[in-house]
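Okay, here's what each chain looks like letter by letter:
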Amino acid sequence: MTARLLDGKALAEKIQDRLKVEIAELQPDRGRAPGLAVLMVGDNPASAAYVRNKERACERLGMVSFGQHLPATATQAELTAIIHQLNADPNVDGILVQLPLPEGLDGNALLLEIDPDKDADGLHPANLGRLVRGEPCLRSCTPAGVMEILRDGGIDPAGKKAVVVGRSILVGKPIALMLLEANATVTIAHSRTPDLAAVCREADILVAAVGRPLMIGPDYIKPGATVIDVGINRITDQTGKGKLVGDVDFDRLLDVAGAITPVPGGVGPMTVTMLLANTVESYRRRLA
Ligand SMILES: NC(=O)c1ccc[n+]([C@@H]2O[C@H](COP(=O)([O-])OP(=O)(O)OC[C@H]3O[C@@H](n4cnc5c(N)ncnc54)[C@H](OP(=O)(O)O)[C@@H]3O)[C@@H](O)[C@H]2O)c1
Ligand SMILES: Nc1nc(=O)c2c([nH]1)NC[C@@H]1CN(c3ccc(C(=O)N[C@@H](CCC(=O)O)C(=O)O)cc3)CN21
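Being a predicted model, the structure only gives us computed values, none of them experimental.

Caption draft 1: Broad picture of the site of ligand 1. Taken together, 23 residues sit near ligand 1, with R167, S168, S191, R212 and T271 positioned nearest. R167 is positioned such that a nitrogen or oxygen atom in its side chain is 2.7 Å from an oxygen atom of ligand 1. Between a nitrogen atom of ligand 1 and a main-chain N or O atom of V230, the distance comes to 3.1 Å. Broken down by element, the shell around ligand 1 gets its largest block of residues, three residues, from helix α10 (residues 267-287). Here the shell around ligand 1 is composed, by residue class, of 11 nonpolar, 10 polar and two charged.

If you want it as structure tokens, here you go:
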């Protein structure tokens, strides 16, 4: 058996084409393009890849991106003041703070300062609370992207066993909630889970959001399972060249899994696309 490839990049392009048309239709009325502000503090390799792709996609869709890159020495007060400015700026529809923040800065406190209606990342407690309650809200981008990949691939979580490895606020927990909402039976595993491989082997749908390069090997997989790889890890190969890999040992899973996302070209491009979709949604609502 060879696993079916779940092509996040192709799906992202399809959705971005639709967003582009939507923006072109709305813009004459509104008199301005949708605006996305991204705040990045210090240097983090996964964040750098994200920023690059977001800026490229904004340009392609005719959105304005307001990037702010601050040194790791920035203070909490400085960052809070920038968030307040962006909240008040009528040209900004979406605000995103790249996580994790450097040591000494409090990401959770900063997320609280973002206007929930501009929270393109869906990480403000008001939006996370609505997600828990099953109410409409701006939804976290990576989890929303994963659900779109499943839907596009014809994989309905209803009645299936899903295992999510990782319990972060950014990825693991909201993905688990969305799978639950889609009627899967969900297990959340983490660094204190005994015999992780056995837990994962129960899964019809396995989501890896750990941050450990190639950790999930064939012994973690039930034959025919769907494997979604959220991990973005930069490693150095034997020739000394840097490359991106996921948490999943893709090559060795091809004979075992039923369907699988690659890295790059899987969840990453969908995260970018859901961020743009959230920004367009908040632009539409703001100017309605
Ligand atoms: N593709 C995308 O769009 C996208 C978006 C966001 C993040 N990412 C990537 O996804 C990965 C996870 O990101 P994150 O922000 O969720 O990371 P994180 O906050 O570091 O969380 C990692 C989670 O994995 C668990 N974990 C760590 N080592 C483990 C082990 N050996 N066995 C089982 N569980 C383990 C941790 O458990 P504890 O809670 O017990 O510590 C934690 O819950 C990273 O590679 C990140 O770059 C990708
Ligand atoms: N607030 C916040 N929200 C996030 O979603 C987020 C962060 N912070 N911090 C960094 C992580 C990592 N994220 C990423 C990382 C990479 C891609 C991405 O587009 N990856 C491409 C390849 C990039 C390349 O080759 O340079 C891919 O195909 O996987 C997307 C989101 C999103 N993440």
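Caption draft 2: Representation of helix α5 (residues 125-133) in the model. Restricting attention to buried positions, one finds in α5 the residues N127, L128 and L131. Projected down its long axis, α5 carries its buried residues within an arc of 100°, all on one side. Among the exposed residues of α5, those pointing more than 90 degrees away from its buried face are V132 and R133. Buried-residue contacts for α5 involve α7 (172-181).

Caption draft 3: Structural view of the site of ligand 2. Near ligand 2, the surroundings consist of 20 residues, among which N53, V97, L99, D121 and G265 are the closest. In this structure, V97 approaches ligand 2 through a main-chain N or O atom, which is 2.7 Å from a nitrogen atom. In the complex, 87% of the free accessible area of ligand 2, which totals 680 Å², lies under the protein chains. Put simply, the parts of the chain that give the shell around ligand 2 at least two residues each are α2 (45-61) and α10. No other element matches the six residues that α2 contributes to the shell around ligand 2. For the shell around ligand 2, the class distribution of residues is 11 nonpolar, seven polar and two charged.

Caption draft 4: Representation of the sheet that holds strand β6 (residues 185-189). Strand order in this open sheet of six strands is β1-β11-β8-β7-β5-β6, and the pairing throughout is parallel. With partners counted over all chains shown, the strands left at the sheet margins are β1 (4-5) and β6, one partner each. Sheet topology places strand β8 (residues 226-229) next to strand β11 (residues 259-260); two bridges connect them, and they run parallel. Across the sheet, V227 pairs through a bridge with I260, a residue of β11.

Caption draft 5: Focus on the packing of aromatic side chains. This model, assessed by the stated rule, comprises zero aromatic pairs. Here the basic side chain of K54 rests over the ring of Y50, its NZ or CZ set 3.4 Å away from the ring centre.

Caption draft 6: A look at the confidence of the model for the protein. Confidence in the prediction of the protein, expressed as mean pLDDT, is 96, and 100% of residues score 70 or more. Interface confidence for the predicted complex, given as ipTM, is 0.99, next to a pTM of 0.97.

Caption draft 7: Layout of the packing of helix α1 (residues 8-30) against α2. The N-to-C vectors of α1 and α2 enclose an angle of 50°; their axes lie 9 Å apart at closest approach. It follows that α1 is oblique to α2 by the angle criterion. Here α1 contributes Q16, L19, K20 and I23 to the contact with α2, which in turn contributes A57, R60 and L61. The class makeup of the residues in the contact of α1 with α2 is four nonpolar, one polar and two charged.

Caption draft 8: Representation of the pattern of salt bridges within the structure. In the structure shown here, the tally under the stated rule is 12 salt bridges. Of the charged contacts, one joins D152 and K14 as a salt bridge, the two residues approaching to 3.3 Å between their closest N and O atoms. With a gap of 138 residues between them, D152 in helix α6 (residues 141-152) and K14 in helix α1 connect regions that are remote in the sequence. Since its relative accessible area comes to 45%, D152 is described here as partly exposed.

Caption draft 9: The side chain of T193, seen in detail. Relative to the helices and strands, T193 resides in the loop between β6 and α8 (196-200). Given the relative accessible area of 18%, T193 is considered buried. A distance of 2.8 Å separates the side chain of T193 from the backbone nitrogen of H190, its partner in a polar contact.

Caption draft 10: The arrangement of the nonpolar core in detail. The biggest cluster of nonpolar side chains holds 47 residues, and the ones touching the most others in it are I175, L179, V207, I228, V230 and L276. Looking at this core, the elements with two or more residues in it are α1, β2 (35-41), α2, α6, β5 (161-165), α7, β7 (205-208) and α10. Ranked by residue count, the leading element in this core is α10, at seven residues. Ignoring sequence-local partners within four residues, the contact set of L179 consists of M147, L150, P157, A162, V164, A184, V186 and V207. Counting 20 residues, the second largest nonpolar core, distinct from the first, contains A189, L196, A208 and A225.

Rules of the game
Residues numbered from 1 in each chain as written. Chains lettered and ligands numbered in written order. Predicted model: local features only at pLDDT ≥ 70, side-chain atom pairs only at ≥ 80, totals over all residues. Heavy atoms only, no water. Near = heavy atom within 4 Å. Polar contact = N/O pair within 3.5 Å; in protein donor to acceptor, adjacent residues only side chain to side chain. Helix = DSSP H or I, 4+ residues; strand = E, 2+ residues; numbered from the N terminus. Nonpolar A, V, L, I, M, F, W, Y, C, P; charged D, E, K, R; others polar. Buried < 20%, exposed > 50% of the residue type's maximum accessible area, 1.4 Å probe, protein only. Arc of directions from axis to C-beta. Contact = heavy atoms within 4.5 Å. Areas by Shrake-Rupley, 256 points an atom, 1.4 Å probe, with all protein chains shown as cover. Pairing = 2+ DSSP bridges. Phe/Tyr/Trp six-rings, centres within 6.5 Å; stacked < 30°, edge-to-face > 60°. Lys NZ or Arg CZ within 6 Å of the ring centre and 35° of its normal. pLDDT = per-residue confidence, 0-100. Axes fitted to C-alpha atoms, helices over the stretch in contact; angles between N-to-C directions. Parallel < 35°, antiparallel > 145°, perpendicular 65-115°, else oblique. Salt bridge = Lys/Arg side-chain N within 4 Å of Asp/Glu carboxyl O. Core = buried A, V, L, I, M, F, W, Y, C linked by side-chain atoms within 4.5 Å.

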